[in-house]
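# Geometric and topological summary
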Amino acid sequence: MSEPLKFLAALLVCAAGLMGFAQTSQADDNAVTAIDIALEPDATMIQHAKAANALLLKDFPQGFALDDTHHPHVTMLQQFVVTADLDKIYAAANNVLAAAQPTGWKLNAIKYYYIPDDKLGLGGIVVEPTSQLRQLQDQLIEAIAPFMTKNGMPAAFVSNEGGTDIQKSLIEYVANFTTVAAGEKFNPHVTIGVGNAAYLDQLLAQPFGAFTFSPVGASVYQLGTFGTARKELKALALNP
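A brief report on the enclosed structure follows. This one's a predicted model, so the numbers in the text were calculated from it and none came from an experiment.

In this structure, P240 sits in the segment after β9 (229–236). Classification of P240 as exposed rests on a relative accessible area of 91%.

Now for the packing of aromatic side chains. Taken as a whole, this structure holds 6 aromatic pairs when the rule is applied. Summarising the aromatic geometry, the rings of Y173 and F177 are spaced 5.7 Å apart at their centres and angled 85 degrees between planes, so their arrangement reads as edge-to-face. Residue classification places Y173 among the partly exposed residues on the basis of a relative accessible area of 33%. Taking the relative accessible area as the measure of exposure, F177 reaches 2% and is therefore buried. Here the aromatic cluster, defined as three or more aromatic residues joined through ring pairs, consists of Y112, F208, F211 and F213.

Turning to the side chain of S219, a few remarks are in order. With respect to the secondary-structure elements, S219 resides in strand β8 (residues 215–223). Polar contacts involving the side chain of S219 include one to the side chain of E232, which spans 3.5 Å. Beyond its immediate chain neighbours, meaning those up to four positions away, S219 contacts D36, I37, A38, E40, E232, K234, A235 and L236.

On to the environment of I89, then. Considering the arrangement of structural elements, one finds I89 in helix α3 (residues 86–100). Note on I89: relative accessible area 0%, which makes it buried. A sequence separation of 51 residues divides I89 from L140, and the C-alpha atoms of the two residues are 9.9 Å apart. Here I89 is in contact with I35, V81, I144 and F147, once residues within four sequence places are set aside.

Attention now goes to unusual backbone geometry. Backbone phi values are negative for most residues with the exception of glycine, while trans is the configuration of most peptide bonds. In this structure, Q101 is a non-glycine residue whose phi angle is positive, near 50 degrees. The residue Q101 is located in the loop between α3 and β3 (107–117) in this model. Even without a glycine there, the phi angle at L238 is positive, about 60 degrees. For L238, the position within the fold is in the segment after β9.

Packing of α3 against helix α4 (residues 131–144) brings their axes to within 9 Å, and their N-to-C directions diverge by 155 degrees. Relative to α4, α3 is oriented roughly antiparallel. The two elements α3 and α4 meet at a crossing, and its hand is right-handed. Taken together, the residues of α4 that come into contact with α3 (itself represented by I89, A92, A93, V96, L97 and A100) are L136, Q139, L140, A143 and I144. Partitioned by chemical class, the residues of the contact of α3 with α4 number 10 nonpolar, 1 polar and no charged.

This brings us to the layout of surface pockets. As a volume, the largest pocket reaches approximately 520 Å³. Forming the boundary of the largest pocket are 26 residues, of which I115, L122, L170, Y173 and F226 lie nearest the centre. Where the lining of the largest pocket is concerned, the elements lending two or more residues are β2 (74–82), β3, β4 (120–127), α5 (168–175), α6 (177–180) and β6 (189–196). At 4 residues, β3 tops the list of elements feeding residues into the lining of the largest pocket.

Here we take up the sheet that holds β6. Think of a sheet as strands paired side by side through backbone hydrogen bonds, with each pair either parallel or antiparallel. Taken in spatial order, the 4 strands make up an open sheet running β6-β4-β3-β7, and their pairing is antiparallel. On the outer flanks of this sheet lie β6 and β7 (211–213), each paired with one strand and no other. Within this sheet the neighbouring strands show an average axis-to-axis angle of 40 degrees, counted without direction. Against the sheet, helix α2 (residues 43–59) contacts β3, β4, β6 and β7, and its axis sits at roughly 10 degrees relative to β6.

Criteria and cut-off values
- Residues numbered from 1 in each chain as written.
- Predicted model: local features only at pLDDT ≥ 70, side-chain atom pairs only at ≥ 80, totals over all residues.
- Heavy atoms only, no water.
- Helix = DSSP H or I, 4+ residues; strand = E, 2+ residues; numbered from the N terminus.
- Buried < 20%, exposed > 50% of the residue type's maximum accessible area, 1.4 Å probe, protein only.
- Phe/Tyr/Trp six-rings, centres within 6.5 Å; stacked < 30°, edge-to-face > 60°.
- Polar contact = N/O pair within 3.5 Å; in protein donor to acceptor, adjacent residues only side chain to side chain.
- Contact = heavy atoms within 4.5 Å.
- Axes fitted to C-alpha atoms, helices over the stretch in contact; angles between N-to-C directions.
- Parallel < 35°, antiparallel > 145°, perpendicular 65-115°, else oblique.
- Left-handed = near helix turned anticlockwise from the far one by under 90°.
- Nonpolar A, V, L, I, M, F, W, Y, C, P; charged D, E, K, R; others polar.
- 1 Å grid on protein atoms, 1.4 Å probe; cavity = no way out; pocket = protein on both sides within 12 Å on 5 of 7 lines; lining within 4 Å.
- Points joined across faces, edges and corners; volume = space filled by probe spheres on them.
- Pairing = 2+ DSSP bridges.

This is how it looks when you write it as structure tokens:
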């Protein structure tokens, strides 16, 4: 190959590499993550949630266990956000939570509930909504609003099944969280798992032993199927 041709070939290789880099950078800039800003419950709540989860799994073994990839938590805000903004989101959420200091709160668990899905249901332990919880949610929504997007797809979630396990209803729920699950519609809870609706009806019919618990921290998670906290992205320090 002549020297001019070698030079031209080198230029083409370089140009192709730059185009690939530009496309990757653009894809990274457009990436979206489904997040959950959540309070971490203490051992009392975790014990109750895991006990209820064990009952659901006994009746419906195809459900999920509460473990290191399905963290018990109290959701304050779920949203689609631009992945490139995550560090800014961690800082904004931490500032709000540091001011609120939720680890000093006493919260009341008052009953079971579940969201029906055909013959199944997603169960949870309801936490009595307090003025502190409502105010904290309002402040988090305001702080995270600049980073929100509605362009969520299954790829924004943690999935072991290529996104096929991410429900369409979940995508819609996260995209519209501030209108369907905030304010007067805020239903703070700790998810206990998936079960047969008939069994969940039996569980709800039984007397519920109310108990008190406290948050021991807060984290930002990436969501998975059924809105579970699948991957911890950032444990918040709760310091200004």
